[in-house]
Amino acid sequence: MRRLIIDTDTGSDDAVALIMALKSPEITIEAITTVSGNVPLIQASQNALMAIEVTKRATPPVYAGANQPLKRPLMTARDVHGQDGMGDQGLIHPTGRLAEGDAVDKIIELVERYPDEIEIITIGPVTNIAKAILRASEVMKRVKHIYAMATGGFGPGNITPVAEFNVYVDAEAFEIMLNSGIDITIVGFDICLGDAAFDKEEIEHIRNSGKPEAVFAIECNRSKIDWNLKRYNRYCINWPDPLAMAVALWEDIVVESVPAHCYTCTIEEPAYGQVIVDTSFFGNKTKAFNAQVIRRIDSAKYKARVIDLLTK
Ligand code: RIB
Ligand code: CA
């Protein structure tokens, strides 16, 4: 049985990724850990609790983590996901409560308890992960694998011309994670676009299934749909976090991934949060590969699997 920790800033796409994991019996979610990002920490935690409640499957503990990035002031994405991060549809009224304890302590504790077994899926800024590495670097080397929704991959940024949101919120944290020695797979923003985005027909099919978690998955993405209409003039939902979860759950949807040395820009303001994906060097001993970066997926297989999981 795979043991997962999901680290999330619970916006509307995170919620769908959580629902996917909660409905996947082949994995055990040891913990959901929350971090400020799309929305501030308290809201992110409430949203995670609501995703669990509406799905009515597994009930993993939710631990709150960092409410601020390591160095910079918090930047949210409420313009994209809504003020509550979940489409401002009045969906968030969880009855469940947070588990006692700090997310960073819990991450370290779980890796100590299950050395070489814990897989971490990060779908927000990686402040919690960086704090765990800074606090217990040798323990964190025993993390089996990290799947990170982060960077523009081989494409542009989505919050600046060169930076993707999860890295931009806390670039220092991402650089710490990249240099931790942990095996990392990076799922960039580029691969959730184009034919990997869900179109109107697919969106309505999910919603019309009538499953509470499927309806919730669409309704909480109302702000994202509106935002995409304005930005891309297309009624669609591109789901970066569900795609990262899909890569972690179903490696057979990956068509091509490449080893790279990735470097996070944290100094020059215009480049802040850019991640340079260097796949070009050979035998350069000064720069070892530190991540696998997904270049291509089978979009049809990915979307069919997500639709099936959400609606069954
Ligand atoms: O850039 C996309 C990422 O930023 C996603 O994880 C989204 O939820 C936001 O956190
Ligand atoms: Ca996210």
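Notes on the structure in this doc start here. (Residues numbered from 1 in each chain as written. Chains lettered and ligands numbered in written order. Predicted model: local features only at pLDDT ≥ 70, side-chain atom pairs only at ≥ 80, totals over all residues. Heavy atoms only, no water.)

Further remarks concern the overall build of the protein. In terms of regular secondary structure, the protein is built from 13 helices and 11 strands. Its C-alpha radius of gyration of 18 Å places the protein within 12% of the 20 Å reference for a compact globule of 312 residues. Summarising its shape, the C-alpha atoms of the protein cover approximately 55 × 45 × 35 Å along the three principal directions. The buried share among the 312 residues of the protein stands at 59%. Considering only residue pairs separated by 6 or more positions, the protein has 81% of its internal contacts joining residues 24 or more positions apart. Accessible surface, the protein: about 12,400 Å² in total, of which carbon and sulfur atoms supply 51%. Positive and negative charge centroids in the protein, built from 32 and 42 side chains respectively, lie 2 Å apart. (Helix = DSSP H or I, 4+ residues; strand = E, 2+ residues; numbered from the N terminus. Rg over C-alpha atoms; globule rule 2.2 N^0.38 Å. Buried < 20%, exposed > 50% of the residue type's maximum accessible area, 1.4 Å probe, protein only. Contact = heavy atoms within 4.5 Å. Areas by Shrake-Rupley, 256 points an atom, 1.4 Å probe, with all protein chains shown as cover. Lys, Arg positive; Asp, Glu negative; His and termini not counted. Charge placed at Lys NZ, Arg CZ, Asp CG, Glu CD.)

Before going further, it helps to spend a moment on the packing of helix 1 (residues 12-22) against helix 12 (residues 240-249). At a minimum axis separation of 7 Å, helix 1 and helix 12 run at an interaxial angle of 25 degrees. Between helix 1 and helix 12, the interaxial angle falls into the category roughly parallel. Where helix 1 approaches helix 12, its residues Asp-13, Asp-14, Val-16, Ala-17, Met-20 and Ala-21 are matched on the opposing element by Pro-240, Asp-241, Pro-242, Met-245, Ala-246 and Leu-249. Of the residues belonging to the contact of helix 1 with helix 12, the class tally is 9 nonpolar, no polar and 3 charged. (Axes fitted to C-alpha atoms, helices over the stretch in contact; angles between N-to-C directions. Parallel < 35°, antiparallel > 145°, perpendicular 65-115°, else oblique. Nonpolar A, V, L, I, M, F, W, Y, C, P; charged D, E, K, R; others polar.)

The side-chain alternation of strand 6 (residues 184-187) yields two buried faces, one formed by Ile-184 and Ile-186 and the other by Thr-185 and Val-187. Bridge count between strand 6 and strand 11 (residues 291-297): 2 bridges; the pairing is parallel. Each residue of the ladder has a partner; that of Ile-186, found in strand 11, is Val-293. (Pairing = 2+ DSSP bridges.)

Before going further, it helps to examine a nonpolar patch on the surface. Side chains of Tyr-263, Ile-267 and Ile-276 sit close together on the surface and give an oily, nonpolar patch of about 310 Å² of accessible area. Take Ile-267: it is sitting in the loop between strand 9 (254-264) and strand 10 (275-278). (Patch = residues over 30% accessible without salt bridge, like charges linked within 9 Å, V, L, I, M, F, W, Y side chains within 5 Å. Salt bridge = Lys/Arg side-chain N within 4 Å of Asp/Glu carboxyl O.)

This part covers the environment of Glu-100. Inspection of the secondary structure puts Glu-100 in the loop between helix 3 (78-81) and helix 4 (103-113). According to the relative accessible area criterion, Glu-100 is exposed, its value standing at 76%. A sequence separation of 36 residues divides Glu-100 from Ala-64, and the C-alpha atoms of the two residues are 8.8 Å apart.

With that settled, the discussion passes to the coordination of the calcium ion (ligand 2). Only Asp-9 (OD), Asp-14 (OD), Asp-14 (OD), Ile-123 (O) and Asp-241 (OD) from the protein coordinate the calcium ion (ligand 2), and they sit 2.1 to 2.5 Å from it. Donor residues for the calcium ion (ligand 2) sit on one chain with the sequence pattern D-x4-D-x108-I-x117-D. Asp-14 matches Asp-9 in its accessibility class, with the two residues each being buried. (Donors = N, O, S within 2.8 Å, 3.2 Å for Na, K, Ca; no water.)

Soluble globular proteins tend to pack their nonpolar side chains together in the buried interior. By size, the foremost hydrophobic cluster in this structure holds 59 residues, and its most contacted members are Met-20, Phe-216, Trp-239, Leu-243, Tyr-302 and Leu-310. Ignoring any residue separated from it by four or fewer positions in sequence, one finds Trp-239 in contact with Asp-13, Val-16, Cys-192, Phe-198, Ile-206, Ala-217, Ile-218, Asn-221, Tyr-302, Val-306 and Leu-310. If you look at the next biggest cluster of nonpolar residues, it comprises 42 residues, including Ile-107, Ile-118, Ala-171 and Ala-260. (Core = buried A, V, L, I, M, F, W, Y, C linked by side-chain atoms within 4.5 Å.)

Here we take up the site of ligand 1. Contacts to ligand 1 come from 13 residues, most closely from Asp-13, Asn-158, Glu-164, Asn-166 and Asp-241. One of the side-chain N or O atoms of Asn-38 is found 2.9 Å from an oxygen atom in ligand 1. Interatomic distance of 2.8 Å between a side-chain N/O atom of Asn-158 and an oxygen atom of ligand 1. Protein coverage of the free-state accessible area of ligand 1, which is 280 Å², stands at 96%. Elements that contribute at least two residues to the shell around ligand 1 include exactly helix 1, helix 7 (165-169) and helix 12. Looking at the shell around ligand 1, its residues break down into 5 nonpolar, 3 polar and 5 charged. (Near = heavy atom within 4 Å. Polar contact = N/O pair within 3.5 Å; in protein donor to acceptor, adjacent residues only side chain to side chain.)

Counted according to the given criterion, the structure contains 17 salt bridges. Where Arg-3 meets Glu-30, a salt bridge forms, and the shortest distance between an N and an O atom there is 2.7 Å. Within this pair, whereas Arg-3 is found in strand 1 (residues 2-8), its partner Glu-30 is found in strand 2 (residues 27-34), the two being separated by 27 residues in sequence. A salt bridge links Arg-142 to Asp-116, with the nearest nitrogen and oxygen atoms 2.6 Å apart. Within this pair, whereas Arg-142 is found in the loop between helix 6 (137-140) and strand 5 (145-149), its partner Asp-116 is found in the loop between helix 4 and strand 4 (118-122), the two being separated by 26 residues in sequence. A relative accessible area of 40% places Asp-116 in the partly exposed class. Taken together, the salt bridges that share partners define one network made up of Arg-3, Glu-30 and Glu-117.

Once that is clear, we can look at the side chain of Asp-278. Within the secondary structure, Asp-278 sits in strand 10. According to the relative accessible area criterion, Asp-278 is buried, its value standing at 13%. Of note is the side chain of Asp-278, whose polar atom sits 2.5 Å from the side chain of Ser-280. Leave out the neighbours within four places in its chain, and Asp-278 touches Ala-260, His-261 and Lys-287.

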